[in-house]
Amino acid sequence: MASILQQLLNGVILGSVYALLALGYTMVYGIIKLINFAHGDVYMLGAYFGYFFIKIWHLNFFVALILSMIVSAGVGVLIELVAYRPLRQSPRIAVLISALGVSFLLENGMSYAFGSDKRAFPQAIATVQYHVGQLQISNIQLLIIGTAVILMLALTLIVQKTKMGRAMRAVSADQEAAVLMGINVNRTISFTFAIGSALAAAGGILIGLYYNNIDPLMGMTPGIKAFVAAVLGGIGIIPGAALGGWLIGILETLTQAVGLSDYKDAVVYGILILILLWKPTGILGNQGREKV
């Protein structure tokens, strides 16, 4: 039982990072119905920004975390402005191809600029292990869970209680009606990309601190798994992204615990197929009518 509880705890920690990534997917999809496949690479950029802020500028970890989120938010806005906004009225496949192109550009650009080898992430916070009964948890793991929960709560407050949050909900419900109500749709979409990118960057720098290494391709697999998490929970639904992230993290950890670590990715993708067959709208999603 202690072993199972330990694995569940580890799954929640990994799932917290997936949840931060999945929130970006679900917010962008909820606003403009776009699957931003470059999102995982913004997560990678966040890790690299954190690396440089700590390693070269010798900044405090939390200062580096905030700065990485701010810079990555700017990158997200730039990606939307250059790669997605000009194609907003184009067929959806064109935007999808553009997203894949941005993803390859970021991955190969970082490999060319900084090399494709793994880099040791600076240990800006000394690891301390705590024991609660038979469970073991470190201060880094607590930091990951705590940061993820705080950022999710902050996002919920922004969406539910602020003027920009109301604009986001209005654009998501009916973009044309939002324009008639005087809402600046372009600014709202850019803000959505900024918030999603900032959350991805936070996940990247936290996972870099946790696993002690980063590389230009580190966002590829987590990005896809976060997309699966968003679909599992109900893409376009913020609580669904968080739920899906934690479920995927727990599922992946339990798969490794039973000795099937070579098949952990296959299990995650198998879950995606099952959820699309059983309930395409996800666990928290409702079947709705779509305008044609």
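The structure presented is a predicted model; accordingly, all values stated were derived computationally and were not measured. (Residues numbered from 1 in each chain as written. Predicted model: local features only at pLDDT ≥ 70, side-chain atom pairs only at ≥ 80, totals over all residues. Heavy atoms only, no water.)

Caption draft 1: Here's a closer look at the overall build of the protein chain. Regarding its fold elements, the protein chain presents eleven helices and four strands. Relative to the compact-globule value of 19 Å for 292 residues, the protein chain shows a C-alpha radius of gyration of 19 Å, a close match. Based on the C-alpha atoms only, the size of the protein chain along its principal axes is roughly 60 × 45 × 35 Å. Classification of the 292 residues of the protein chain by burial places 48% in the buried group. Within the protein chain, contacts between residues separated by at least 24 positions form 75% of all contacts whose residues are at least 6 apart in sequence. Split by element, the accessible area of the protein chain, about 14,300 Å² in all, is 67% carbon and sulfur. Measuring between centres, the 17 positive side-chain charges of the protein chain sit 12 Å from its 11 negative side-chain charges. (Helix = DSSP H or I, 4+ residues; strand = E, 2+ residues; numbered from the N terminus. Rg over C-alpha atoms; globule rule 2.2 N^0.38 Å. Buried < 20%, exposed > 50% of the residue type's maximum accessible area, 1.4 Å probe, protein only. Contact = heavy atoms within 4.5 Å. Areas by Shrake-Rupley, 256 points an atom, 1.4 Å probe, with all protein chains shown as cover. Lys, Arg positive; Asp, Glu negative; His and termini not counted. Charge placed at Lys NZ, Arg CZ, Asp CG, Glu CD.)

Caption draft 2: A look at the pairing of strand β3 (residues 135-138). In this structure, strand β2 (residues 129-132) lies alongside β3, joined through four bridges in antiparallel fashion. Residue pairing across strands places Val-132 opposite Leu-135, the latter belonging to β3. (Pairing = 2+ DSSP bridges.)

Caption draft 3: Up close: the UniProt feature "transmembrane region" (unreviewed entry) in the protein chain. Under the UniProt annotation, "transmembrane region" (unreviewed entry) lies at residues 12-32, 52-81, 93-114, 140-159, 191-211, 226-254 and 266-285. Split by type, residues 12-32 is 100% helix and 0% strand. Its first and last C-alpha atoms lie 30 Å apart. Helix makes up 100% of residues 93-114 and strand 0%, and the two end C-alpha atoms of the span are 32 Å apart. (UniProt positions renumbered as here; feature names shortened; annotations may be inferred.)

Caption draft 4: Broad picture of the packing of helix α6 (residues 163-173) against helix α8 (residues 185-211). Contact geometry for α6 and α8: axes closest at 10 Å, N-to-C directions at 105 degrees. One way to sum up the angle between α6 and α8 is to call them roughly perpendicular. Residues Met-164, Ala-167, Met-168 and Val-171 of α6 pack against Val-185, Arg-187, Thr-188, Phe-191 and Thr-192 of α8. Classifying every residue of the contact of α6 with α8 gives six nonpolar, two polar and one charged. (Axes fitted to C-alpha atoms, helices over the stretch in contact; angles between N-to-C directions. Parallel < 35°, antiparallel > 145°, perpendicular 65-115°, else oblique. Nonpolar A, V, L, I, M, F, W, Y, C, P; charged D, E, K, R; others polar.)

Caption draft 5: Molecular detail of the nonpolar core. Membership of the largest hydrophobic core comes to 84 residues, with the highest contact counts inside it found for Phe-61, Ile-79, Tyr-84 and Leu-155. Looking at which element gives the most residues to this core, the answer is helix α1 (residues 2-32), with 14 residues. In this structure, Leu-155 is in contact with Leu-23, Met-27, Ile-195, Leu-199 and Ile-238, ignoring residues within four places of it in sequence. (Core = buried A, V, L, I, M, F, W, Y, C linked by side-chain atoms within 4.5 Å.)

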